[in-house]
Amino acid sequence: MTSSFEFHTYPPRLSDAERDRVLGVLREGAAQGKLSHDTFMRRMELALVARRSDELAVLTSDLEPESRWARGVFGVVERASAFTVRLRRAWQSERLPKLLFPEPGPYPLRIGRDPANGLRLSHETVSRVHAELSVQGGGWILRDLGSTNGTSVNGRRVTGAVLVRDGDQVSFGRMTFRLSAR
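The paragraphs below set out a description of the structure included in this document. Keep in mind that this is a model prediction, so the values were computed, not measured.

1. So, the side chain of aspartate 168
- Mapping aspartate 168 onto the fold places it in the loop between strand E8 (161-164) and strand E9 (169-172).
- Although buried, aspartate 168 forms no salt bridge, and the nearest oppositely charged side chain, arginine 165, lies 5.2 Å from it.
- There is a polar contact of 2.8 Å between the side chain of aspartate 168 and the backbone nitrogen of arginine 165.
- Contact partners of aspartate 168, with chain neighbours within four places excluded, come to Val153, Asn154, Leu163, Phe177, Arg178 and Leu179.

As structure tokens, then:
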């Protein structure tokens, strides 16, 4: 009589440390905006019921820090992309209409749709009283006055006031100009 014994090998049970590490990576990914709330919640649920290490690895594979080589490649691509953006901005900047700095005076130059403004811009994305340009301490200051569609300098939204210089791109709503001293 022969007896046969079957031995089953089960994968080792996940340690609490492994699960905690994955949960931490998921939390960090969500905090950095790499995961939507729904994706974060679903992956957390899957991490809590996972039985094997490979199940956990899949949940964080797109969130783990890249290797040194991958960071290098991504860095090169990022710099090349930034160069093309700067090149396009420079090309567009020269083609933009000029907005000449006014003669410095005691009052700021008001910009907007209202006819009472010193610079009237008749465009539906420009607020009645949109922004103002003034001299302070020898430099030009552009201040958004609570406009609906915003004021931007070199592609960045102005909140409050910002120092502007010759050559800067300024946008009032969707109207864009290149500041010029002459």
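2. Things to note about the packing of helix H1 (residues 16-31) against helix H3 (residues 53-60)
- Put simply, H1 and H3 touch, their axes get as near as 10 Å, and they point 10 degrees apart. Classified by the interaxial angle, the pair formed by H1 and H3 is roughly parallel. Crossing handedness for the pair H1 and H3: left-handed. Contacts between H1 and H3 pair Glu18, Arg19, Val22, Val25 and Leu26 from the former with Ser53, Leu56, Leu59 and Thr60 from the latter.

3. Notes on the pairing of strand E2 (residues 109-112)
- In this sheet, strand E4 (residues 131-136) lies alongside E2 in antiparallel orientation, the contact comprising three bridges. Residue pairing across strands places leucine 109 opposite leucine 133, the latter belonging to E4.
- Relative to strand E3 (residues 119-120), E2 runs parallel, the two sharing two bridges. Note that in E3 the partner of glycine 112 across the bridge is arginine 120.

4. Looking at the sheet that holds strand E7 (residues 156-157)
- Strand order in the open sheet formed by five strands is E1-E10-E9-E6-E7, and the pairing between neighbours is mixed. Each edge of the open sheet carries a strand with a single partner, namely strand E1 (98-100) and E7.
- Inspection of the sheet shows E1 paired to strand E10 (residues 175-180) by three bridges, in the parallel sense. Pairing of lysine 98 across the sheet is with arginine 178, part of E10.

5. Details of the sheet that holds E8
- Read across the open sheet, the five strands follow the order E3-E2-E4-E5-E8; overall the sheet is mixed. Two strands in the sheet have a free side with no partner beyond their single neighbour: E3 and E8.

6. Regarding a nonpolar patch on the surface
- Residues Trp69, Val73 and Val77 make up a contiguous nonpolar surface patch of about 340 Å² in total accessible area.
- The topology assignment puts valine 77 in helix H4 (residues 68-95).

7. Here we look at H1
- With 16 residues, H1 should reach 22 Å at 1.5 Å per residue; the first-to-last C-alpha distance of 22 Å fits that figure.
- Residues of H1 that are buried include every one of Arg19, Val22, Leu23, Val25, Leu26 and Gly29, and no others. Looking straight down H1, one finds its buried side chains confined to an arc of 155 degrees; they lie on one side. In H1, the exposed positions angled more than 90 degrees off the buried face are occupied by Asp16, Ala17 and Ala31.
- Following H1 by one or two positions, glycine 33 has its phi on the positive side, about 80 degrees.

8. Notes on the packing of aromatic side chains
- Enumeration according to the criterion identifies two aromatic pairs in this entry.
- On the basis of an interplanar angle of 20 degrees and a centroid distance of 4.9 Å, the ring pair of phenylalanine 101 and tryptophan 140 is categorised as stacked. Of this pair, phenylalanine 101 sits in the loop between E1 and E2 while tryptophan 140 is found in strand E5 (residues 139-144), placing the two residues 39 residues apart along the sequence.
- With 6.2 Å between their ring centres and 50 degrees between their planes, phenylalanine 172 and phenylalanine 177 make a pair best called tilted. Taken individually, phenylalanine 172 and phenylalanine 177 each receive the classification buried, so the pair is uniform in this respect.

9. Comments concerning unusual backbone geometry
- A positive phi angle is found at asparagine 154, which is not glycine, with a value near 50 degrees.
- Inspection of the secondary structure assignment puts asparagine 154 in the loop between strand E6 (151-153) and E7.
- The exposure class assigned to asparagine 154 is partly exposed, which follows from its relative accessible area of 30%.

Quick notes on the rules
Residues numbered from 1 in each chain as written. Predicted model: local features only at pLDDT ≥ 70, side-chain atom pairs only at ≥ 80, totals over all residues. Heavy atoms only, no water. Helix = DSSP H or I, 4+ residues; strand = E, 2+ residues; numbered from the N terminus. Buried < 20%, exposed > 50% of the residue type's maximum accessible area, 1.4 Å probe, protein only. Lys, Arg positive; Asp, Glu negative; His and termini not counted. Salt bridge = Lys/Arg side-chain N within 4 Å of Asp/Glu carboxyl O. Polar contact = N/O pair within 3.5 Å; in protein donor to acceptor, adjacent residues only side chain to side chain. Contact = heavy atoms within 4.5 Å. Axes fitted to C-alpha atoms, helices over the stretch in contact; angles between N-to-C directions. Parallel < 35°, antiparallel > 145°, perpendicular 65-115°, else oblique. Left-handed = near helix turned anticlockwise from the far one by under 90°. Pairing = 2+ DSSP bridges. Patch = residues over 30% accessible without salt bridge, like charges linked within 9 Å, V, L, I, M, F, W, Y side chains within 5 Å. Areas by Shrake-Rupley, 256 points an atom, 1.4 Å probe, with all protein chains shown as cover. Expected span 1.5 Å × (residues − 1). Arc of directions from axis to C-beta. Phe/Tyr/Trp six-rings, centres within 6.5 Å; stacked < 30°, edge-to-face > 60°.

Coordinates in, geometry out; function isn't part of it.
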